[in-house]
Amino acid sequence: MGIGKPLEGTYGIMAEFNDPQSLLDAANAAREAGYKELDAYSPFPIHGLSDAIGFGHTKLSGIILAMGLLGGFSGYFMCWYANVITYPLNIGGKPFSPWPAWVPITFECTILFAAFGAVLGMLALNGLPMPYHPVFNVKRFENASRDRFFLVIQSRDPKFDVDSVYKFMDTLKPREVVDVPW
Amino acid sequence: MAEKDQHPQHEIRPTTQAAPIPARFIPSPMLEPGHNFASVTDHISSIVLRRKMPLGWMVLFFAGLMGVGILGLTVTKLVFVGVGIWGINHPVGWGFDILNFVWWIGIGHAGTLISAILLLLRQEWRTSINRFAEAMTLFAVAAAGLYPALHTGRPWYDFWLFPYPNTMGIWPQFKSPLMWDVFAVSTYATVSLLFWYVGLVPDLATLRDRSRSKVGRFVYGMMSLGWRGSAKHWHRYEHAYLLLAGLSTPLVLSVHTIVSFDFAVSQLPGWHATFFPPYFVAGAVYAGFAMVLTLAIPARKLFKLEDFITMRHLENMGKVMMATGMMVFYSYIMEAFFSFYSGNTFERFMWTNRVTGPYWKMYALLIVCNGLAPQLMWFKRCRTSTTWLMIGAMFSNLGMWLERFVIIPTSLHRDFLPSSWGMYHGTIWDWGMYIGSMGLFCFLLALFLKFLPMISIFEVRTMLPEAQAHAEEH
């Protein structure tokens, strides 16, 4: 809105439901009807909903593992580099390179990096922060964070056609079906 | 009945079948019946958005503000004069600073335990109290962090604690437990903050959508990062949240373990003990649950949250308090046992001095607080009475402070050489800073209650019966 050139048409068509079961059934029906560019919105996580809209896998675990390993290696490297290579300290004749003494810091760095991987990875994959999104243009969408459940078929779906989507949405017995303007 | 007639060989005795389950075996609900998605959302968000704060909140806020003033005063004096204003001297060089640090850090542990470990154990009752307990963790860690930062004497050089390439060419000594502590506590504070914030994001979106003021919509909108509850987002969100819980669980155990290494790695009788890590972790959980009870009981009353924080929650917390209290007491017994079993004169003297020496009153009170008081929780009448729970929690708050006092000054004050024996007392500045740190804690807590939802709204929604949805077989 207002920035750049206005986009053609709508973002998609949104149906509103009263309860999680209706949304889950609707999402399954939409996928089975051949729609691919779907999204569902709910005030809490619903088990099986991401499968229903055809989204089953996330790369998050890999990111967290990689970050954790990186953290562990950096933590150990830091101790070793500082206390063996660049600034060796003789503490009561103890060895310069005692690996057990570095376990706590290695462990803490592993957790720290992995936690950042989990949070920043989740946000990045989700494309957040994103303060503006077309779905917010629908007034009733403010209830998506309260007690309503929404299904959106996006206009970029190859099967998208306003009339047929409206007709299909009506078969799902929603509370309301509306256009989502850009 | 019909089934029984068909299968006479599996006869069930009529007495067991007919007798109803006695009421005392039916757990009280985790959420009072009669709520729906809208009522849960509106009730919790209205505390932040609509309702005027009750008088009790005002008291907390202004008491906290006063405490922050005292803290400012003591810290200013400390920075200008130095740690000489404290009671520490030869032979007791570690006093209230480490004592209060350990006390606060321990309190913080219950928050992570409730939010992470109970999540992994699928203890659904944690849902109503986890946000509150996590906030408590953060503020307790903030209060704890003051002490190591200020006890250095020259806090403007505190960045020397962290490894960074500098023109002096020096690096920290990573073999030292004090360096481990720097990493453990800073990691703990960071990860707790991340965990808490991630949990808040969907609720901040609720506040954004429910707020009537422009400022509220803008601020909550920015803080919620544009959360819109997409199923794809929830999928990754739950994944991240679960893994964060999995990461926080060993973290919380490691933090108090490393805090205990500050003592256990030394050679001092009374500190040099292998059972310190589990002893400290159990004590931390005990102290933390006591503090959650201390805060949750008045809060549920003030903000009328009895529907969400039910007797079931309070009773469970009482049980955890009792179990961990007895672990702590077991450690006291083991401490006594090992001091004699070691055959070491100094170990034996240290324990005898702890119990019968000049600080014997502290030890006796410690046994009352952490040995006897938790036994109250054996009785269901005590576990289900807010008054008795509050009394029990107060005993353990005091008891855990005394425990650290007993560990720290009494191990130090009678050195190996009788000529260097001495006594330790906190000065007015020690007490001022302790009261000040409590003020900071209350002040931050009051701000949290005012501006953020104290119960995780989206997680409470998932506990409602109508939240259950099942995909059809296809």
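Residues numbered from 1 in each chain as written. Chains lettered and ligands numbered in written order. Predicted model: local features only at pLDDT ≥ 70, side-chain atom pairs only at ≥ 80, totals over all residues.

Engineer: Explain the overall build of chain B here, please?
Structural biologist: The helix and strand inventory of chain B stands at 17 helices and zero strands. A compact globule built from 474 residues should have a C-alpha radius of gyration of about 23 Å, and chain B, at 25 Å, falls within 12% of that. Based on the C-alpha atoms only, the size of chain B along its principal axes is roughly 85 × 65 × 45 Å. For chain B, with 474 residues in total, the buried portion stands at 48%. (Helix = DSSP H or I, 4+ residues; strand = E, 2+ residues; numbered from the N terminus. Rg over C-alpha atoms; globule rule 2.2 N^0.38 Å. Buried ≥ 20, exposed ≤ 12 C-beta atoms within 10 Å, placed from the backbone.)

Engineer: What is the right way to read the overall build of chain A from this model?
Structural biologist: Helices and strands together make up the secondary structure of chain A, namely five helices and four strands. Taken from N to C terminus, the helices and strands of chain A fall in the order β-α-β-α-α-α-β-α-β. The C-alpha radius of gyration computed for chain A amounts to 25 Å, which surpasses the reference 16 Å derived for 182 residues by more than 25%, pointing to a less compact arrangement than a globule. Overall, the C-alpha framework of chain A stretches about 80 × 40 × 30 Å when taken along its three principal axes. The contacts of chain A with a sequence gap of at least 6 include a subset with a gap of at least 24, amounting to 78%. (Contact = placed C-beta atoms within 7 Å.)

Engineer: Any chance you could explain the interface of chain B and chain A here in plain terms?
Structural biologist: Where interface size is given, it is often the accessible area lost as the parts come together that is meant. Contacts between the two partners involve 56 residues from chain B, matched on the other side by 60 residues from chain A. Broken down by secondary-structure element, the contributors of at least two residues to the side of chain B that touches chain A are α3 (37-49), α7 (177-210), α8 (214-223), α9 (231-264) and α17 (457-463) of chain B. In terms of residue count, the dominant contributor to the side of chain B that touches chain A is α9 of chain B (16 residues). Grouping the amino acids of the side of chain B that touches chain A by side-chain chemistry returns 30 nonpolar, 17 polar and nine charged. (Nonpolar A, V, L, I, M, F, W, Y, C, P; charged D, E, K, R; others polar.)

Engineer: Honestly, the nonpolar core in this entry has me stumped. Any pointers?
Structural biologist: Ranked by internal contacts, the top residues of the largest apolar core, which has 185 residues, are Ala27, Ala40, Ala115, Phe150 and Leu151 of chain A together with Phe289 and Val292 of chain B. Residue contributions to this core peak at 17 residues, all from helix α10 (residues 276-302) of chain B. The contacts of Phe150 of chain A, once residues within four sequence positions are left out, are Met14, Ala15, Glu16, Ala40, Tyr41, Phe141 and Ala144 of chain A. (Core = buried A, V, L, I, M, F, W, Y, C linked by C-beta atoms within 7 Å.)

Engineer: Please explain the environment of Ser155 of chain A as it appears in this structure.
Structural biologist: Within the secondary structure layout, Ser155 of chain A lies in the loop between β3 (149-154) and α5 (162-171). Residue contacts for Ser155 of chain A: discarding those within four places in its chain leaves Gly9, Thr10, Tyr11, Gly12 and Phe160 of chain A.

Engineer: What exactly am I supposed to notice about the confidence of the model for chain B here?
Structural biologist: Atomic detail in the predicted coordinates should be set aside for any region of low pLDDT. All names here are of chain B. The predicted model of chain B averages 86 in pLDDT, with 94% of residues at 70 or higher. Contacts of residues 1-12 to residues separated by more than four positions or lying in other chains number three contacts, the stretch itself having pLDDT below 50. Taken together, the chains of this predicted complex give a pTM of 0.88 and an interface ipTM of 0.89. (pLDDT = per-residue confidence, 0-100.)

Engineer: What is the right way to read the sheet that holds strand β4 (residues 176-181) of chain A from this model?
Structural biologist: Strand pairs in the sheet, formed through backbone hydrogen bonds, run parallel or antiparallel to each other. Residue and element names in this part refer to chain A. Here four strands make up an open sheet; going across it, the order is β2-β3-β1-β4 and the pairing antiparallel. Pairing within the sheet leaves two strands with one partner each, and these edge strands are β2 (38-41) and β4. Neighbouring strand axes in the sheet, compared pairwise and without regard to direction, differ in orientation by 25° on average. In terms of strand pairing, strand β1 (residues 10-17) meets β4 through six bridges, oriented antiparallel. Looking across to β4, one finds that Gly12 is bridged to Val180. Contacting β1, β2 and β3, helix α1 (residues 20-32) crosses the sheet at an angle of about 15° to β3. Across the face of the sheet, α5 comes into contact with β1, β3 and β4 while running at roughly 15° to β1. (Pairing = 2+ DSSP bridges. Axes fitted to C-alpha atoms, helices over the stretch in contact; angles between N-to-C directions.)

Engineer: I keep staring at unusual backbone geometry and nothing clicks. Help me out?
Structural biologist: If a residue is not glycine, its phi is most likely negative; likewise, a peptide bond is most likely trans. With an omega of -5°, the peptide bond running from Leu128 of chain A to Pro129 of chain A counts as cis. Position of Pro129 of chain A relative to the elements: it lies in the loop between α4 (99-126) and β3. Along the chain, His90 of chain B connects to Pro91 of chain B via a cis peptide bond; the corresponding omega equals 5°. Relative to the helices and strands, Pro91 of chain B resides in the loop between α4 (55-81) and α5 (96-120). With a phi close to 55°, Lys173 of chain A is a non-glycine residue in the positive phi region. With respect to the secondary-structure elements, Lys173 of chain A resides in the loop between α5 and β4.

Engineer: Sorry, what's going on with α5 of chain A here?
Structural biologist: Within an α-helix, residues lying three or four positions from one another point in the same direction, as the helix has 3.6 residues per turn. All names here are of chain A. Among the residues of α5, those classed as buried are Val165, Phe168 and Met169. All buried residues of α5 fall inside an arc of 100° around its axis, so they share one side. Exposed side chains of α5 directed beyond 90 degrees from the buried face belong to Asp163, Ser164, Lys167, Asp170 and Thr171. For α5, the secondary structure elements touched by its buried residues are β1, β3 and β4. Looking one or two places after α5, you find Lys173, whose phi comes out positive at around 55°. (Arc of directions from axis to C-beta.)

Engineer: I'm lost on the packing of α4 of chain A against α9 of chain B in this one. Help?
Structural biologist: A pair of packed helices is characterised by two quantities: the angle between their axes and the separation of those axes. Running from amino to carboxyl end, α4 of chain A crosses α9 of chain B at an angle of 165°, the nearest separation of the two axes being 10 Å. Our classification of the angle between α4 of chain A and α9 of chain B gives roughly antiparallel. In this structure, the crossing between α4 of chain A and α9 of chain B has a hand that is left-handed. Where α4 of chain A approaches α9 of chain B, its residues Pro104, Phe107, Glu108, Ile111, Ala114, Ala115, Ala118, Val119, Met122, Leu125 and Asn126 of chain A are matched on the opposing element by His233, Arg236, Tyr237, Ala240, Leu243, Leu244, Leu247, Leu251, Ser254 and Ile258 of chain B. Residue composition of the contact of α4 of chain A with α9 of chain B, by class: 16 nonpolar, three polar and two charged. (Parallel < 35°, antiparallel > 145°, perpendicular 65-115°, else oblique. Left-handed = near helix turned anticlockwise from the far one by under 90°.)

Engineer: How should α5 of chain B be read in this particular structure?
Structural biologist: Residue and element names in this part refer to chain B. Between its terminal C-alpha atoms α5 stretches 36 Å, which fits the 36 Å expected from 25 residues at 1.5 Å a residue. Within α5, the axis deviates most sharply at Leu113, by approximately 40°. Of all 25 residues that make up α5, 23 are buried, and the element is covered over most of its length. Of the residues one or two after α5, Arg122 is the one with positive phi, at around 55°. (Expected span 1.5 Å × (residues − 1). Bend = angle between axes of the 7 residues up to and from the residue.)

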